[in-house]
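Residue-level structural notes
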Amino acid sequence: MAAPSRSAVIDGRRQRSERTRQHIIEAYLALLRESPRVPTAARIAERAGYSVRSLFERFPDLLALSLAAADFAFTQANAQAVIRNVSADRPTRIRTQVETRAGTCERWLPLWRALHANQHYSPELRQRLRFMRDAVMRRLELMYRPELSALVEAERRRILIALEALTDFESWARMRSDHGLTSEDACAVWIRTIDSLLPATPAVS
Amino acid sequence: MGLPAKSARIDGRRQRSERTRQTIVEAYLALLRESPRIPTAGQIAERAGYSIRSIFERFPDLHALRVAATDHAFAIGNTLATPRDVDGDRPTRLRSQVETRAHTCERWLPLWRALNANQGESIELKMRIRLGREMIMKRLELMYQPELSSLSEVDRKRTLITLEALTDFESWGRMRELYGLSFEQACALWIRVIDRLLPPTPTPRH
């Protein structure tokens, strides 16, 4: 059997390295879900099944790892939060937007908290948080376009800022942890609130 | 002139030590207001004008200093945020509650962020954060008592949860830092939204 070509060897090595990198990111995310403490390099390496040296061969520091985790999470969250029912009636759109947002909050809250706590140490991290908030705003604008389009610019902006505050990660966390609401009850609170904040849906001409 | 009595000397020492403790707490809070990064013991000592050793003579660790700073902030915050216009008409109560809350957020947001970032598994800090939130809820209940009293228990709870989320420290922080609203614009936004979320004010019975 002929020896594999040089480029095939390099490709294989690159793939293995990429897999290791991915395992490290997933170990970091799994540890964040288990405990609110930001995990140490040793714990992440142990969970991923690699050495600390392997970790730092792929990420120059833990901040770089949290950035890579943020990028991974953003891609995943976008794939999970598929846009649905954009042209449906008002109750369907509100329910869809709320349930999608709730799913994102439920899944990504631990990472969000870790990113939030470290943002002051990295402009890149701040930029990513801003990007994530912009994505939330864009989704709100898309889902409630019929209602928002009836408002003047200043009022539209006010409603969007209020909706973003109300459907924030920490607002979700408090409903679930401090107030002990089930996921369904918490969604019901958001649905009612959004419904009372949005203006009347214009009649279709 | 005779020598001061032993008890007077001890009292003087205790007062000086209390002043030093207070200066250290204030230095910590001042540093938090200037930068969102958690200050180190060296920075706090330098700002307070004492040695690092002085800090650790008064606080066993930085965690104890954070707890003391939180208690200090609660005491001041409570004094400054006295309930006003509780019996005012709806617009007056709305403005009064929003402006009081806005001033609290404006003043204590850096400490609130530090508390949340450092709470980790600290029971003391978690308890204080919880207490802070309970106080906000109680104030909302007090200020909007006429409107809330017309709701069922479940709806009252839902409305309170929503109002608390809306008037959270970070919600204020985003309006000011991210969306660039002035203090007055941010207050106006809260007033409009709360007005929309509250049920109609019941007519008083004579």
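Residues numbered from 1 in each chain as written. Chains lettered and ligands numbered in written order. Predicted model: local features only at pLDDT ≥ 70, side-chain atom pairs only at ≥ 80, totals over all residues.

Quick word on the overall build of chain A
- Along its length, chain A carries 10 helices and 0 strands.
- Counted from the first residue to the last, chain A has its helices and strands arranged as α-α-α-α-α-α-α-α-α-α.
- Taken against the 2.2 N^0.38 rule, which gives 17 Å for 205 residues, the C-alpha radius of gyration of chain A at 21 Å runs more than 25% over that of a compact globule.
- When its C-alpha atoms are laid out on the principal axes, chain A stretches across 70 × 45 × 30 Å.
- Out of the 205 residues in chain A, the part that is buried amounts to 27%.
- In chain A, the proportion of contacts linking residues at least 24 apart, taken out of those at least 6 apart, comes to 63%. (Helix = DSSP H or I, 4+ residues; strand = E, 2+ residues; numbered from the N terminus. Rg over C-alpha atoms; globule rule 2.2 N^0.38 Å. Buried ≥ 20, exposed ≤ 12 C-beta atoms within 10 Å, placed from the backbone. Contact = placed C-beta atoms within 7 Å.)

Quick notes on the domain arrangement of chain B
All names here are of chain B.
- Under the domain assignment used here, chain B contains domain 1 (1-59) and domain 2 (62-197).
- Taken over C-alpha atoms, the centre of domain 1 sits 30 Å from the centre of domain 2.
- Contacts between the two partners involve 10 residues from domain 1 and, on the opposite side, 12 residues from domain 2.
- The element contributing the most residues to the side of domain 1 that touches domain 2 is helix H1 (residues 6-34), with 6 residues. (Domains from an automatic or database assignment.)

Here we look at the environment of B:Thr201
Residues and elements named next belong to chain B.
- By the element assignment, Thr201 lies in the segment after helix H10 (183-197).
- A count of 14 C-beta atoms within 10 Å places Thr201 in the partly exposed class.
- Every residue in contact with Thr201, bar those within four places of it in the chain, is listed here: Arg90, Pro146 and Glu147.

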